[in-house]
Amino acid sequence: MGSLNKFRFLHQARKNQWLKPSELKELQNKKLRAIVKHAYYNTEFYNRKFKDAGIRPEDIRTIDDMKKIPFTTKQEVREHSLGTILAKNVDLNKCKIIPTSGSTGKPLKAVYDIAADDFSKAINLRSMMENGLKVRDKWVNIGDARTSNNPSWFQKLGVFNLQTLSIFDTIEDQVNTLIKIDPATIVGYPSQLKLISLYIENNSLKQINPKNIFTTAEMLDSNTRELINSSFDVELVDLFGCIEVNRTGWECSEHCGYHLDVDSVITEFVQDGENISAGDSGNIVYTCLYNYAMPLIRYEVGDVGIPTEEMCSCGRSLPLMKSLEGRCDDFIILPSGKLISPRVLSLLIKQTEEILEYQIVQEKPDEMSINIVVSQNLTSDKLEQIKLEAQKYLKNEVLVKVKLTDRIKRGSTGKLRSIISNISSEND
Ligand SMILES: [Zn+2]
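Each value, and the rule that gives it
Residues numbered from 1 in each chain as written. Predicted model: local features only at pLDDT ≥ 70, side-chain atom pairs only at ≥ 80, totals over all residues. Heavy atoms only, no water. Domains from an automatic or database assignment. Helix = DSSP H or I, 4+ residues; strand = E, 2+ residues; numbered from the N terminus. Contact = heavy atoms within 4.5 Å. Buried < 20%, exposed > 50% of the residue type's maximum accessible area, 1.4 Å probe, protein only. Pairing = 2+ DSSP bridges. Right-handed = clockwise from strand over helix to strand, strands pointing away. Donors = N, O, S within 2.8 Å, 3.2 Å for Na, K, Ca; no water. Tetrahedral: all angles 85-135°; square planar, octahedral: opposite > 155°, others 65-115°. Arc of directions from axis to C-beta. Phe/Tyr/Trp six-rings, centres within 6.5 Å; stacked < 30°, edge-to-face > 60°. Axes fitted to C-alpha atoms, helices over the stretch in contact; angles between N-to-C directions. Parallel < 35°, antiparallel > 145°, perpendicular 65-115°, else oblique. Nonpolar A, V, L, I, M, F, W, Y, C, P; charged D, E, K, R; others polar.

(A) Representation of the domain arrangement of the protein chain. On domain assignment, one finds that the protein chain holds domain 1 (3-121 + 240-327) and domain 2 (331-421). On a C-alpha basis, the centres of domain 1 and domain 2 stand 33 Å from each other.

Encoded structure:
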């Protein structure tokens, strides 16, 4: 059912990455004009948005015209009924509907029609196949097994034979299952693969020897990358994206940033409403070029990244994002209004070797808890030191409490969020 299309899309996508920059731009412009026209004539949401802004589909000819289109926020998509966001005549029974993992507020749903779902899967497969995934690999995804699909006919034949291992099982069970399956390819969240790596190292296990490891969905720091690489003896590849538009970027074997999948999703970097220049950090804004069921144009996803004009030495024409900085709604806001990057605070905590996992929760503007799981007892001196250093970093505007805990609670999909702000407007 639609599955053969996926292979056709995949073949095309693998060719697209080697197009000349001018050809790639032409392809984007053509797809952009089509989705803009479709969204204007077929969704209430964009029809109104375009009219309010005084623009018509004909005004958007190329990517350079995109700045005329107002942004779409998560909040807006959440507040409007699905009926106004979706294209008319979409048959939800024939769509894939994915709820996002919102912890508060109205959950947001991503809806893909069959063609869009096939296309998004092809783009995801491209990022993995370009990094060594083979059609007949045994492939394990460590994630939410409750929502994994039944195997399709080609998976039963051993093609892209993906098995999902539940992140909610104990680490020991997960490791034992990995030993039993002996997968060639493993996909998982950095936080989970870190725990598995530690278990492997502590028990000197040598039976799990994947060729490829892909991390996804959480911020990956360099310590975690090194740990996973050394315990599995691989060079992991980090992928990123979001539920609403799926895969949008990936590392190649050069590891010099993330190739952006601009033939399927246009990625812009924006600060104060303007596109920023290379090297600065900006809010990531996506325009999905292929999902006709739920068009998203200039959609502010809530992530922050730094674009670059440098081309990758691998020769692919897909442009690069230098680094992913974090999610906007995870930034810490000081009582004085100053935004604090979560990265430095994380680094500060990670200096302490005994800390296995942590979660920073900003409960009130001037109050914060750092929940930590430790491998061995920490002296009270050391706990006090972490607290004081964190407070100093937060300009002494915030009272910090460090709490020892046995386990950090995961979100509904099993994803670990290292920073949670209960005072920002959005929280998922
Ligand atoms: Zn590259």
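(B) The side chain of T215, seen in detail. Within the fold, T215 resides in strand β7 (residues 212-215). Residue contacts for T215: discarding those within four places in its chain leaves G188, P190, L193, L220, I228, L236, V237, D238 and L239.

(C) Region of interest: the pairing of strand β19 (residues 367-374). Taken across its 8 residues, β19 has 7 buried, putting it largely inside the fold. Linking two consecutive strands that pair antiparallel, namely strand β18 (residues 355-364) and β19, is a turn of 2 residues. With 6 bridges joining them, β19 and strand β20 (residues 399-404) adopt parallel strand pairing. Considered in β20, the bridge of I372 is made with L404. With helix α12 (residues 380-393) bridging β19 and the parallel β20, this β-α-β connection has right-handed handedness.

(D) Layout of the coordination of the zinc ion. The protein atoms donating to the zinc ion are C252 (SG), H259 (NE2), C312 (SG) and C314 (SG), with metal-donor distances spanning 2.1 to 2.3 Å. Around the zinc ion sit 4 donor atoms, and with donor-metal-donor angles ranging over 100 to 123° the site reads as tetrahedral. Donor residues binding the zinc ion come from one chain and are separated in sequence as C-x6-H-x52-C-x1-C. Given a relative accessible area of 6%, C312 falls into the buried group.

(E) Inspection of helix α8 (residues 171-181) at higher detail. Among all positions in α8, only Q174, V175, L178 and I181 are buried. On an axial view of α8, the arc spanned by its buried residues comes to 130°, and they lie on one face. Elements in contact with the buried residues of α8: β4 (138-143), β5 (161-166), β6 (185-188) and α9 (190-202). D182 occupies a position one or two residues after α8 and carries a positive phi of about 50°.

(F) Here's a closer look at the packing of aromatic side chains. A complete count under the given rule lists 8 aromatic pairs for this structure. A ring pair is formed by F119 and Y290, whose centres lie 4.7 Å apart and whose planes are at 35°; its orientation type is tilted. Of this pair, F119 sits in helix α6 (residues 114-129) while Y290 sits in the loop between β13 (282-288) and β14 (299-308), and the two are 171 residues apart along the sequence. For the pair W139 and F160, a centre-to-centre distance of 6.4 Å together with 80° between the ring planes defines the contact as edge-to-face.

(G) Here's a closer look at the side chain of Q28. By the element assignment, Q28 lies in helix α2 (residues 21-42). The residues touching Q28, leaving out its near neighbours within four places in the chain, are I63, V262, I266 and L289.

(H) Summary view of the packing of α2 against helix α3 (residues 44-52). Running from N to C, α2 and α3 cross one another at 100°; their axes reach a closest spacing of 5 Å. By the criterion of interaxial angle, the relationship of α2 to α3 is roughly perpendicular. Mapping the contact onto sequence places V36, A39, Y40 and N42 in α2 and E44, Y46, N47, F50 and K51 in α3. When the residues that make up the contact of α2 with α3 are grouped by side-chain class, the tally is 5 nonpolar, 2 polar and 2 charged.

(I) Just the environment of N422, in detail. Within the secondary structure, N422 sits in the segment after β21 (419-421). By relative accessible area, which is 43% here, N422 ends up partly exposed. With 241 residues separating them in the primary sequence, N422 and I181 have C-alpha atoms 40 Å apart.

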